[in-house]
Amino acid sequence: MCKQVSRSTPEIQKCKAGDHTCITERINEIIRLYPKGNPIFGLDDFSLIKLKKITASRKSSNSAVQLNFILSDLELRGIEKLTMFSSKGFVKDIKNIELDFNIPLLRINSLYELDGKLLLLPIKGKGNVEIILQDAHLAVTANVELEKRQGKNYIKFKKLVAMVQPKGTIFKFQNLFDGNKELTDATNKVLTDSWQDVWNELGKDFNQAFADALLLILTPIADAISYDDYFAD
């Protein structure tokens, strides 16, 4: 069924092309063994992912959530705890990949600027924020092509789409309403209690950020190992 990749990576075994059960197991094994990265695979430390900015804006008059905010200097923690449920598309003539993950707890810490309305109430602030996504399902689809380099094929990502759907979200904005603690705490509670409405309105902008984060993880791997060397056959 499987054989060793090389003497430099004795823990990880190769799978046959198209054996997605084996491939899913191997990917989960790599996630479990190397949360801090492994240069052999081109895998960077993914226990902390940094992004520059997310801009989200929804001001539909029909929505209870009418927010415009900017998150900057983002730090994402918890991705190293993800588990892959399924994988598709890892065949010899690879073109499209489909991946499904679960992330138990994803913490986003950043600076923020926020204004708008929540349940018709004005809301405004600037400072630090922590957003916690609970038990999130992450679905990834990627369109790829093989690029020949020095006689071998390497994966090149043409397009990657990420869809994240949490089962709960906690918002912890600081310094809303010029630092009024009572109003800040009350607003965080309303946001958290209404998380599904907030996510339905703003999730698209977050999904693009997650796609950017995944490309930061996956592109060095695709550059480090030729696709010809992925499989046992």
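You can read under Sequence similarities (unreviewed entry) in the UniProt record for the chain the words "Belongs to the TO family."

Colleague: So, the nonpolar core: which residues are in play, and what are the values?
Modeller: Residues Leu 71, Leu 76, Phe 206 and Phe 210 are the most contacted members of the largest nonpolar core, which totals 65 residues. Listing elements by their share of this core, those giving two or more residues are helix 1 (20-33), strand 3 (48-58), strand 4 (65-77), strand 6 (96-118), strand 7 (121-149), strand 8 (152-165), strand 9 (168-173) and helix 3 (195-224). Top element by residues in this core is helix 3. It accounts for 13 residues. Once residues within four sequence positions are removed from consideration, Phe 210 is found in contact with Leu 76, Leu 106, Ile 108, Leu 133, Ala 162, Val 164 and Trp 199.

Colleague: Which residues make up the state of the cysteines, and what are the values?
Modeller: According to the stated counting rule, one finds one disulfide in the structure shown. Cys 15 shares a disulfide with Cys 22; S-S distance 2.0 Å. Residues Cys 15 and Cys 22 share a disulfide whose torsion about the S-S bond is about -75 degrees; that sign makes it left-handed. According to the relative accessible area criterion, Cys 22 is buried, its value standing at 5%.

Colleague: Break down the environment of Ile 49 for me, with residues and values.
Modeller: Position of Ile 49 relative to the elements: it lies in strand 3. With relative accessibility at 6%, the residue Ile 49 sits in the buried group. The spatial distance from the C-alpha of Ile 49 to the C-alpha of Asn 153 is 28 Å, given a sequence separation of 104 residues.

Colleague: Mind laying out the environment of Leu 215, listing which residues take part and the relevant values?
Modeller: Structurally, the position occupied by Leu 215 is in helix 3. Its relative accessible area of 27% is what places Leu 215 among the partly exposed residues. When neighbours within four sequence positions are excluded, Leu 215 is seen to be in contact with Phe 157, Leu 160 and Pro 220.

Colleague: Run through helix 1, naming residues and quoting values.
Modeller: The end-to-end C-alpha distance of helix 1 is 20 Å, a good match for the 20 Å that 14 residues give at a rise of 1.5 Å each. Within helix 1, the full set of buried residues consists of His 20, Cys 22, Ile 23, Thr 24, Arg 26, Glu 29 and Ile 31. As for helix 1, its buried residues are in contact with strand 2 (13-14), strand 5 (83-88) and strand 6.

Colleague: A description of the pairing of strand 6 should follow, citing residues and the corresponding values.
Modeller: The sheet contact formed by strand 4 and strand 6 spans 11 bridges and is antiparallel. Each bridged residue has a counterpart across the sheet, and for Leu 67 the counterpart in strand 6 is Gly 116. One ladder, built from five bridges, connects strand 5 with strand 6; its direction is antiparallel. The partner of Lys 88 across the bridge, within strand 6, is Glu 98. Hairpin connection of strand 6 to strand 7: two residues between the antiparallel strands, including Leu 119 at a positive phi of 55 degrees.

Colleague: An account of the packing of aromatic side chains is requested, with residue identities and associated values reported.
Modeller: Scanning the model with the defined rule gives eight aromatic pairs in all. Ring centres of Phe 69 and Phe 206 lie 6.2 Å apart, and the angle between their planes is 55 degrees; on these two criteria the pair is classed as tilted. A residue pair is termed long-range when its members are at least 10 positions apart, and Phe 69 in strand 4 and Phe 206 in helix 3 qualify at 137 residues. The class of Phe 69 is buried, set by a relative accessible area of 4%.

Colleague: A description of the confidence of the model for the chain should follow, citing residues and the corresponding values.
Modeller: Residues of the chain with pLDDT of at least 70 account for 93%, and the chain-wide mean is 88. At the low end of the mean pLDDT range in the chain sits strand 1 (residues 3-4), at 37; at the high end sits strand 9, at 96.

Colleague: Please give an account of the pattern of salt bridges that cites residues and values.
Modeller: Across all of its chains, the model carries 12 salt bridges by this definition. A salt bridge links Arg 26 to Glu 29, with the nearest nitrogen and oxygen atoms 2.9 Å apart. Remark: Glu 29 and Arg 26 occur in helix 1; sequence separation between them is three residues, near one turn of the helix. Both residues of the pair, Arg 26 and Glu 29, count as buried. A cluster of three or more residues bridged by salt bridges with shared partners is formed by Glu 147, Arg 149, Lys 156 and Asp 223.

Reading the values: the criteria
Residues numbered from 1 in each chain as written. Predicted model: local features only at pLDDT ≥ 70, side-chain atom pairs only at ≥ 80, totals over all residues. Heavy atoms only, no water. UniProt positions renumbered as here; feature names shortened; annotations may be inferred. Core = buried A, V, L, I, M, F, W, Y, C linked by side-chain atoms within 4.5 Å. Buried < 20%, exposed > 50% of the residue type's maximum accessible area, 1.4 Å probe, protein only. Helix = DSSP H or I, 4+ residues; strand = E, 2+ residues; numbered from the N terminus. Contact = heavy atoms within 4.5 Å. Disulfide = S-S within 2.5 Å. Expected span 1.5 Å × (residues − 1). Pairing = 2+ DSSP bridges. Phe/Tyr/Trp six-rings, centres within 6.5 Å; stacked < 30°, edge-to-face > 60°. pLDDT = per-residue confidence, 0-100. Salt bridge = Lys/Arg side-chain N within 4 Å of Asp/Glu carboxyl O.

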